[in-house]
Each structure stands twice: as C-alpha cells, then as structure tokens.
Amino acid sequence: MSTIEVRPVSGALGAEISGVDLSQDLDPSIVDELKDAFHENLVVFFRDQPISSDRFLTFAGLFGEVIPYPMVKGLDDYPNIVPVLKLPEETANFGGIWHTDTAYLEYPPMGSMLIARELPPMGGDTLWSNMYLAYEALSDGMKNMLDGMTALNTSAKGAAAATREDRRKTAAINEAGDTPEATHPVVRTHPVTGRKALYINYGHTTRFTGMTEAESAPILDYLFAHQIRPEFTCRFSWREGDIAFWDNRASQHLPLNDYHGYKRLLHRITLAGDRPV
C-alpha cells in the first residue's frame, strides 16, 4: 500500500507530497503515483530532501529526458544542472518575471525541477499559475478568437533578457546576438491530460502571427494580466532541501525578488518536451 500523501496547497494548483524519501530508489508504483499527482496538480513540492546532485538527476530522469538549459552553463561537474543564483550585491533575480520556461524553443521543456541549496533569511518565495484555469475562465468569444491562433516567442524580449544578464556575464552559452525564436499555438492541448491551456507568457511572447506588435499589444496585455489572477495561483515558501517540480506545458511561475543583500541559490534541471499543438 502506498505511503505517500498528496496535500493540495491551494484551490488552483500545487500540492506537497510527503511519505517519500528521494535519497532512495523509488518503487515503480510510487513513481506512477507521483506522475499522477504531477499531472493533476501541475506543480508538486517535496519538503526536506537535501539530496546530492547525482540523486537529483536520477530522480528527474524518472519523469523524462534531462536536457541542458540553452542560455546559461550548468555546474562544472553536472552540466545539466544550472545554478539559479542571486548574489548579495545583485538586484535582478534570474527569471524574475511571470514566464513559461524557454517558450522560444521549437520544443519547449515539459517541466523543470528546482532544489533549494542556499536561501536568504526571508523572502524568495515562488508563485505558480494554472493556465488551464486561465483559458477556461475566458469568454466564449475570446476562446473562439484565440483557438487556432499562433504567436511568436523570443529569447530577446527585454524584460526576460534583463533577468539573465548577471549570470550570462560569466556563464553564457550562446552568443549575445543569437536569439532563438519559435511560433506556437496561443492555446495548446496538453499531450497527457487532453485539456486546453493558454500558452502565451509575458516573458517571451511578443505578437500574434500575422499581426504587428502594436496590433497585438492590447490583447496580449489583457491576457498577461488575466492569466495571473490570484485565484489561479499558489505560493511556495522555500526551505533548504525543498524540491519543486512543475509542468511547463500548463503553468507559469514567478520567483519573487524581495531579498536584496542576501544570496539565494537553487539548482535547476530541465526535462525535454514536445512541440506544442
């Protein structure tokens, strides 16, 4: 009989999972339960799991193919583990806007994992938002308009690019002029659940296909504000050794930047995904 417990943390998404020790090999039946919880809750949290980098990679590999992050180098000994770091003297935090991870890739990741290694004495929470709910709450008229539309996503959008600059000064992978772009459906269908999710994000989406940025802006600005309504979100307060694993296909996230003067270090793993449809 399973010993894991799945406890939702909000009415919208997110659940804490207890009764599992990630430093040990997991029974396949437990892995299946974790996958079900992941698909149902979009982001799952594991408290107090200060596992090694090797075990972190092993755990992530149970859910998909671990791939590099395209913008910043990983750890010297573990190139597929990227440090998400803010130093005491820095003011911008890595990825510090609402976004979907690397939507500018032709095949965006299915999910990402973070483990907390070093935290400030306060602050540094992360918020997630449910893109199923964001889509379902739209009017029928808006749904009808957006269904079938596509939009351009770019790595060069100013707000997102600015959050990476401190890390790219010493750990950039691609050249500064290399700006990956991809066109994806505005509404995508999740390959596992079959549910529709709103798939644009403030960090990377610049315009609708066939429209200028100026023409797209009023609708995009409305949707960017709509998709982070408080009732679609959950908030997680980190402790060292905590792990978060989120579904990048149907959620967005925002790391809060409220701990100036302190170091914050998390390690991130990215999992390969499919082309949005």
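Everything quoted here is computed from the prediction, not taken from an experiment.

Participant: Please clarify how the nonpolar core should be interpreted in this entry.
Facilitator: Grouped burial of nonpolar side chains is what soluble globular proteins tend to show. One finds Trp-128, Leu-146, Val-186, Leu-198, Ile-200, Phe-208 and Trp-238 to be the most contacted residues of the largest nonpolar core, which totals 42 residues. Considering every element that reaches this core, the biggest residue donor is helix α3 (residues 131-136), with four residues. When residues no more than four places from it in sequence are discounted, the contact partners of Leu-198 are Met-131, Ala-134, Tyr-135, Leu-138, Leu-146, Val-186, Val-187, Leu-223 and Gln-227. Ranked by size, the runner-up nonpolar core spans 23 residues in total, among them Ile-4, Leu-34, Phe-38 and Ala-60.

Participant: So what exactly am I meant to see when it comes to the sheet that holds strand β12 (residues 205-208) here?
Facilitator: Strand pairing within a sheet occurs via backbone hydrogen bonds; the two strands may be parallel or antiparallel. In space, the three strands of this open sheet follow the order β9-β8-β12, with antiparallel pairing throughout. Both outer strands of the open sheet, β9 (181-185) and β12, are each paired with one neighbouring strand and no more. Recorded for the sheet is a direction-independent mean angle of 30 degrees between the axes of neighbouring strands.

Participant: What is the right way to read the sheet that holds strand β7 (residues 126-130) from this model?
Facilitator: The three strands lie next to each other as β13-β7-β15, forming an open sheet whose pairing is antiparallel. Taken across any chain shown, the strands that pair with only one partner, and hence form the sheet edges, are β13 (233-236) and β15 (251-255). Strand-to-strand twist across the sheet, computed as the mean angle between neighbouring axes with direction ignored, equals 20 degrees. By the bridge criterion, five bridges tie β7 to β15 in an arrangement that is antiparallel. Following the sheet pairing, Trp-128 is matched in β15 by His-253.

Participant: Hey, could you run me through empty space enclosed by the protein in this one?
Facilitator: In the structure shown here, the tally under the stated rule is two cavities of 30 Å³ or more. For the lining of the second largest cavity, the element with the highest residue contribution is strand β5 (residues 82-86), accounting for three residues. Taken together, the residues of the lining of the second largest cavity sort by class into five nonpolar, one polar and two charged.

Participant: What should I look at first to understand the environment of Phe-56 in this one?
Facilitator: Tracing the chain through its elements places Phe-56 in helix α2 (residues 53-61). Along the chain, Phe-56 and Lys-157 lie 101 residues apart, while their C-alpha atoms are 31 Å from each other. Beyond its immediate chain neighbours, meaning those up to four positions away, Phe-56 contacts Ile-51, Ile-81, Met-113, Leu-114, Ile-115, Ile-243, His-267 and Ile-269.

Participant: Is there a simple way to explain the pairing of strand β14 (residues 243-247) in this structure?
Facilitator: In summary, the side chains of a regular strand alternate between the two faces of the sheet. The element β14 is largely enclosed, with a buried count of five among its five residues. Where burial is concerned, the two faces of β14 agree: the one with Ile-243, Phe-245 and Asp-247 and the one with Ala-244 and Trp-246 are both buried. Where strand β3 (residues 43-46) lies against β14, four bridges are found, and the strand directions are antiparallel. Looking at the pairing, Val-43 lines up with Trp-246 of β14. Where strand β6 (residues 111-118) lies against β14, five bridges are found, and the strand directions are antiparallel. Across the sheet, the residue bridging to Gly-111 is Asp-247, located in β14.

Participant: Sorry, what's going on with the environment of Leu-127 here?
Facilitator: In this structure, Leu-127 sits in strand β7. Each C-alpha atom, one on Leu-127 and one on Gly-14, is 9.9 Å from the other, the two residues being 113 residues apart in sequence. Apart from the residues lying within four places of it in its own chain, the contact partners of Leu-127 are Trp-98, Cys-234, Arg-235, Gln-252, His-253, Leu-254 and Leu-256.

Participant: Explain helix α6 (residues 213-226) to me, please; I cannot follow it from the model alone.
Facilitator: Along an α-helix, residues three or four positions apart point the same way, because every turn accommodates 3.6 residues. Between its first and last C-alpha, α6 extends 19 Å over 14 residues, near the 20 Å set by a 1.5 Å rise per residue. At Ile-219, α6 is deflected by roughly 35 degrees, the largest bend along its length. Every buried residue belonging to α6 is among Ser-216, Leu-220, Leu-223, Phe-224 and His-226, and all of these are buried. Its buried side turned inward, α6 meets α3, α4 (140-146), β11 (196-198) and β12.

Participant: Can you walk me through unusual backbone geometry in this structure?
Facilitator: Note on backbone geometry: most residues besides glycine have negative phi, and most peptide bonds are trans. The backbone of Asp-48 shows a phi angle near 55 degrees, a positive value even though the residue is not glycine. Looking at where Asp-48 falls in the secondary structure, it is placed in the loop between β3 and α2. At Thr-102, a residue that is not glycine, the phi angle is positive and equals roughly 40 degrees.

Participant: I'm lost on the pairing of β6 in this one. Help?
Facilitator: Along β6, six of the eight residues are buried, which leaves the element largely enclosed by surrounding structure. As defined by bridge partners, β6 adjoins strand β16 (residues 264-271) across seven bridges and the pair is classed as antiparallel. Within the sheet, the bridge partner assigned to Gly-111 lies in β16 and is Leu-271.

Participant: Quick question: what am I supposed to make of a negative patch on the surface here?
Facilitator: Taken together, Asp-27, Asp-32, Asp-36 and Glu-40 make up a surface patch of like negative charges. Along the chain, Glu-40 turns up in helix α1 (residues 28-41). According to the relative accessible area criterion, Glu-40 is exposed, its value standing at 64%.

So, how was this worked out
Residues numbered from 1 in each chain as written. Predicted model: local features only at pLDDT ≥ 70, side-chain atom pairs only at ≥ 80, totals over all residues. Heavy atoms only, no water. Core = buried A, V, L, I, M, F, W, Y, C linked by side-chain atoms within 4.5 Å. Buried < 20%, exposed > 50% of the residue type's maximum accessible area, 1.4 Å probe, protein only. Helix = DSSP H or I, 4+ residues; strand = E, 2+ residues; numbered from the N terminus. Contact = heavy atoms within 4.5 Å. Pairing = 2+ DSSP bridges. Axes fitted to C-alpha atoms, helices over the stretch in contact; angles between N-to-C directions. 1 Å grid on protein atoms, 1.4 Å probe; cavity = no way out; pocket = protein on both sides within 12 Å on 5 of 7 lines; lining within 4 Å. Points joined across faces, edges and corners; volume = space filled by probe spheres on them. Nonpolar A, V, L, I, M, F, W, Y, C, P; charged D, E, K, R; others polar. Expected span 1.5 Å × (residues − 1). Bend = angle between axes of the 7 residues up to and from the residue. Patch = residues over 30% accessible without salt bridge, like charges linked within 9 Å, V, L, I, M, F, W, Y side chains within 5 Å. Areas by Shrake-Rupley, 256 points an atom, 1.4 Å probe, with all protein chains shown as cover. Salt bridge = Lys/Arg side-chain N within 4 Å of Asp/Glu carboxyl O. Lys, Arg positive; Asp, Glu negative; His and termini not counted. Charge placed at Lys NZ, Arg CZ, Asp CG, Glu CD.

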